[in-house]
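Summary of the model geometry
Here is how the chains run, residue by residue.
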Amino acid sequence: MAAYSLNEVNEMYVDVLKEIGNIGAGNATTAIASMLQLKLDMQVPKVQLLTFQELGSAVCPEDETIVGIYLEVQGDIEGSMMFLMHLDSAHFLVNRLMGRGDDYLGDFDEMDMSALKEIGNIIAGSYLNALSSMTRLTLSPSIPYISIDMAAAILSVPAIQFGQIGDNALLIETEFGDDVMINGYFILLPELDSYEKILKSLGISM
C-alpha cells in the first residue's frame, strides 16, 4: 500500500468529500423532513481539514455538553463514523418527533434516546449511501451508540483513531431546518487500509 496519511489529502479529495457531503446532507434532510412532516431548507455543507486542536473549537467549547452518535462501518471498507449535535438541536428534533413544545428542555428519557438513535441512523445512512454511490463500494452501518457528554470527552474518540493515521481530521458541518436551523457535524473514520480503497475507487492516486 502506498504510504500516505490524512496530512496528504489533496484538494481534489476534499472537493469530492464536499460533493459527498452535499448529496448526503440532501438525502438526510429529505428523510428527516418526511419523518417530521416539515419542509426543511438545507445550507451548503462546510468541509474543513482540521488539526485535532482545531476540531474541538470548530464544533463548540470543550466543556459544552453535546450529543454524539457513533456507528461502526463494515463492508468493502471498515471504520467508524460520528454525528454530533448541540443539545438545543437535539431537543428540537426530539420535541418535534414526540409532539412536544419546542421549549421543552428536560432530560432525555429512554424514548428520547431511541429517537436520537433513529435520527443518527437516518443521517449516517444518508452519508454512507452517498459515499457508496460515488465509490461503488458496499457499506453498512452498525447499531448506533449514543453519548451525551462534554465535547472533549466525545471528540477524544476520533482524536485517538485519527491519531493513528495523521494529525488532521475531516469535519463536515451541515445545517438544515425551517424556523429553527439545526447544526450537525459529521466525521468519517475509515481504518488506514480503507483509505486506499476509497481513493482508488474515486480515481485518485497518491
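What counts, and where the lines are drawn
Within any chain, residue numbers begin from 1 and follow the written order of that chain's sequence. The predicted nature of this model means local features are confined to residues of pLDDT at least 70 and side-chain atom pairs, given and counted, to a pLDDT of 80 or more, with totals for whole chains, interfaces and linings taken over all residues. Note that the side-chain values use all heavy atoms of the structure and ignore hydrogens as well as water. How sure the predictor is of each residue is captured by pLDDT, a score from 0 to 100. Counting from the N terminus, the helices are the DSSP runs of H or I reaching at least four residues and the strands are the DSSP runs of E reaching at least two. Burial classes follow relative accessibility: with a 1.4 Å probe on protein chains only, a residue under 20% of its type's maximum area counts as buried, one over 50% as exposed, and anything between as partly exposed. Two strands are said to pair when DSSP picks up at least two bridges between them. Any pair of residues with heavy atoms lying within 4.5 Å of one another is described as a contacting pair.

Turning our eyes to something else, we now look at the confidence of the model for the protein. Per-chain confidence: the protein averages 78 in pLDDT, with 83% of residues scoring 70 or above. Averaged pLDDT values over the elements of the protein bottom out at 73 in helix H6 (residues 192-201) and peak at 91 in strand E6 (residues 145-150).

Of all ten residues that make up strand E8 (residues 181-190), nine are buried, and the element is covered over most of its length. Where strand E4 (residues 79-86) meets E8, seven bridges bridge the pair, whose relative direction is antiparallel. For Met81, the partnering residue across the bridge sits in E8 and is Leu188.

What follows covers the environment of Leu40. With respect to the helices, strands and loops of the structure, Leu40 is situated in the loop between helix H1 (11-36) and strand E1 (41-42). Given a relative accessible area of 13%, Leu40 falls into the buried group. Remark: the alpha-carbon pair of Leu40 and Phe176, spanning 136 residues in sequence, is separated by 6.4 Å. Excluding anything up to four places from it in sequence, Leu40 contacts Thr29, Ile32, Ala33, Phe176, Gly177 and Asp178.

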